[in-house]
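Okay, here's what each chain looks like letter by letter:
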Amino acid sequence: VLKEYEKNNPAMLEKVFIFWFSTTVIPNNEIKLTVNDKSKDMKINSHTCFNELVINVVENKAELKKELEESINSQAPSFDDFTDPFDDFTDPNYLR
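Rules used in this analysis
Residues numbered from 1 in each chain as written. Predicted model: local features only at pLDDT ≥ 70, side-chain atom pairs only at ≥ 80, totals over all residues. Heavy atoms only, no water. Helix = DSSP H or I, 4+ residues; strand = E, 2+ residues; numbered from the N terminus. Buried < 20%, exposed > 50% of the residue type's maximum accessible area, 1.4 Å probe, protein only. Contact = heavy atoms within 4.5 Å. Phe/Tyr/Trp six-rings, centres within 6.5 Å; stacked < 30°, edge-to-face > 60°. Pairing = 2+ DSSP bridges. Axes fitted to C-alpha atoms, helices over the stretch in contact; angles between N-to-C directions. Salt bridge = Lys/Arg side-chain N within 4 Å of Asp/Glu carboxyl O.

1. Observations concerning the side chain of asparagine 36
At step 1: You can see asparagine 36 is positioned in strand E1 (residues 32-36).
At step 2: Its relative accessible area of 15% is what places asparagine 36 among the buried residues.
At step 3: With sequence-adjacent residues up to four places away left out, asparagine 36 is seen in contact with Met42, Val54, Ile55, Asn56 and Val57.

Structure representation (structure tokens):
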């Protein structure tokens, strides 16, 4: 799936990396992929502090891709998506 994203959808590959590592590149330290065969109800999730992606047992590549995209697209926005409410604040006396 990652090779397919690399070839056909680099923007999605970046989203996978951000979801998995909290950065757009593969880190130099250890990365982990854990297969969870206990709960089919759980969405794919990640532990970015440990560079770990936890996936469910799936029947095929299409199912893995669907679950991965659903998990990524349903996540909360990152801090990078927020803007500072005071960026456009022009009153020079505000902090005095």
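2. Some remarks on the packing of aromatic side chains
At step 1: The tally for this structure, following the rule as stated, stands at two aromatic pairs.
At step 2: Judged by centre distance (5.5 Å) and plane angle (45 degrees), the rings of phenylalanine 17 and phenylalanine 21 are tilted. Taken as a pair, phenylalanine 17 and phenylalanine 21 lie in helix H2 (residues 10-21) at a separation of four residues, close to a single helical turn. Considered together, phenylalanine 17 and phenylalanine 21 belong to a single accessibility category, that of buried residues.
At step 3: Between the aromatic rings of tryptophan 20 and phenylalanine 21, the centroid separation amounts to 4.8 Å while the plane-to-plane angle is 20 degrees, which identifies the pairing as stacked.
At step 4: The exposure class of phenylalanine 21 is buried, given its relative accessible area of 5%.

3. Some thoughts on the sheet that holds E1
At step 1: Here we have three strands laid out as an open sheet, ordered E1-E3-E2, and mixed in their pairing. Edge positions in the sheet fall to E1 and strand E2 (45-47), since each has one partner strand and no second. Shown here is a sheet whose adjacent strand axes are inclined to one another by a mean of 25 degrees, direction ignored.
At step 2: With five bridges joining them, E1 and strand E3 (residues 52-56) adopt parallel strand pairing. Across the sheet, valine 35 pairs through a bridge with isoleucine 55, a residue of E3.
At step 3: In the packing of H2 onto the sheet, contacts are made with E1, E2 and E3, and the angle to E2 comes to roughly 55 degrees.

4. Quick look at the pattern of salt bridges
At step 1: In total, this model carries three salt bridges according to the counting rule given.
At step 2: A salt bridge links lysine 61 to glutamate 4, with the shortest nitrogen-to-oxygen separation between them at 3.1 Å. Here glutamate 4 lies in helix H1 (residues 2-8) and lysine 61 lies in helix H3 (residues 61-73), a separation of 57 residues in the sequence.
At step 3: What makes lysine 61 partly exposed here is its relative accessible area of 49%.
At step 4: Put simply, glutamate 70 and lysine 66 hold a salt bridge, and the shortest N to O gap is 3.2 Å. Of this pair, glutamate 70 and lysine 66 both sit in helix H3, separated by four residues, roughly a single helical turn.

Limitation: the analysis is restricted to geometry and does not speak to function.
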